[in-house]
Amino acid sequence: MGRPFKHYLQGARIYSCSNCRSHAADDAEIISKSFQGRHGRAYLFSNVVNVMVGPKEDRLLITGLHTVADIYCAECQEVLGWKYEKAYEDLQKYKEGKFILEKAKLLKENW
C-alpha cells in the first residue's frame, strides 16, 4: 500500500484540521452552520477532502436515528466529525452523503 494522496484546496477560505493543518474543506461547500456536534457547534458540508471514513453505526442524534460513520483526518487520524450514510426520517434525507465537521476540530486558513 502506498502513501495516500493529499489534496490541497485553492479556495479563498479553507478549513483545516486543528491538529495537523491538513486541508479538510472549502468554505464554498458549507450547506449549514447550524448543527451541533459532540464538542459544540458543527457545520454541514457537501464535500470534504483528506479524510478517512470509519465503520457505519446507527446513532440517535438530536434530529432522530441516523446511520453515520466517523470521519478522521487522513494525516493525523484525529476525529473531525461524521458522514451521514442514512437518515430514517423523510425530513432528514437531505443529509445523506453529507459531512459534519466540528468547529472545535478546525482551523480557518486564508481568512
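What comes next is a walk through the structure. A quick note: this is a predicted structure, and the numbers were derived from the prediction, not measured.

1. Here's the deal with the overall build of the chain
Secondary structure summary: the chain contains zero helices and nine strands in total. Starting at the N terminus and walking to the C terminus, you meet the elements of the chain as β-β-β-β-β-β-β-β-β. Over its C-alpha trace the chain gives a radius of gyration of 14 Å, about what one expects of a compact globule, namely 13 Å for 111 residues. Projected onto its principal axes, the C-alpha coordinates of the chain cover approximately 35 × 35 × 20 Å. The buried share of the chain, reckoned over its 111 residues, is 42%. Across the chain, every contact between residues at least 6 apart in sequence was considered, and the portion connecting residues at least 24 apart equals 46%. Across the chain, the 17 positively charged side chains and the 14 negatively charged ones have centroids separated by 4 Å.

2. A look at the sheet that holds strand β8 (residues 99–102)
One open sheet accounts for six strands, arranged β3-β4-β8-β7-β6-β5; its pairing is antiparallel. Of all the strands in the sheet, the pair left with one neighbour each is β3 (30–37) and β5 (51–61). Going from strand to strand, the sheet's axes swing by 30 degrees on average, the running direction of each strand aside. When β5 meets strand β6 (residues 64–73), the two strands line up antiparallel, connected through nine bridges. Paired with K56 across the two strands is A69, which belongs to β6.

3. A look at the layout of surface pockets
Looking at the second largest pocket, its volume works out to about 180 Å³. Around the second largest pocket sit S34, F35, Q36, G37, R38, L61, I62, T63, W82, Y84 and K95, which together line it. Elements with a minimum of two residues in the lining of the second largest pocket: β3 and β7 (79–87). Here the element with the most residues in the lining of the second largest pocket is β3; it accounts for four residues. Class assignment of the residues belonging to the lining of the second largest pocket gives a composition of five nonpolar, four polar and two charged.

4. What about a nonpolar patch on the surface?
Among the surface-exposed residues, L60, L65 and Y88 lie close enough to one another that they form a single nonpolar patch of about 320 Å² accessible area. Along the polypeptide, L65 turns up in strand β6.

5. Concerning the side chain of N50
Following the sequence through the fold, N50 ends up in the loop between β4 (40–45) and β5. Using a relative accessible area of 11% as the deciding quantity, one classes N50 as buried. At 2.7 Å, the side chain of N50 forms a polar contact with the backbone oxygen of H7. If near-sequence neighbours (up to four positions away) are discounted, N50 is found in contact with F5, K6, H7, S22, H23, Y72, C73 and A74.

6. Topic: unusual backbone geometry
The bulk of non-glycine residues show a negative phi, and the bulk of peptide bonds are trans. In the Ramachandran plot, R21 falls in the positive-phi region, its phi being about 65 degrees despite a non-glycine side chain. When you line up the elements, R21 lands in the loop between β1 (14–17) and β2 (23–26). The phi dihedral of N50 is positive, around 55 degrees, even though this residue is not glycine.

Reading the values: the criteria
- Residues numbered from 1 in each chain as written.
- Predicted model: local features only at pLDDT ≥ 70, side-chain atom pairs only at ≥ 80, totals over all residues.
- Heavy atoms only, no water.
- Helix = DSSP H or I, 4+ residues; strand = E, 2+ residues; numbered from the N terminus.
- Rg over C-alpha atoms; globule rule 2.2 N^0.38 Å.
- Buried < 20%, exposed > 50% of the residue type's maximum accessible area, 1.4 Å probe, protein only.
- Contact = heavy atoms within 4.5 Å.
- Lys, Arg positive; Asp, Glu negative; His and termini not counted.
- Charge placed at Lys NZ, Arg CZ, Asp CG, Glu CD.
- Pairing = 2+ DSSP bridges.
- Axes fitted to C-alpha atoms, helices over the stretch in contact; angles between N-to-C directions.
- 1 Å grid on protein atoms, 1.4 Å probe; cavity = no way out; pocket = protein on both sides within 12 Å on 5 of 7 lines; lining within 4 Å.
- Points joined across faces, edges and corners; volume = space filled by probe spheres on them.
- Nonpolar A, V, L, I, M, F, W, Y, C, P; charged D, E, K, R; others polar.
- Patch = residues over 30% accessible without salt bridge, like charges linked within 9 Å, V, L, I, M, F, W, Y side chains within 5 Å.
- Areas by Shrake-Rupley, 256 points an atom, 1.4 Å probe, with all protein chains shown as cover.
- Salt bridge = Lys/Arg side-chain N within 4 Å of Asp/Glu carboxyl O.
- Polar contact = N/O pair within 3.5 Å; in protein donor to acceptor, adjacent residues only side chain to side chain.

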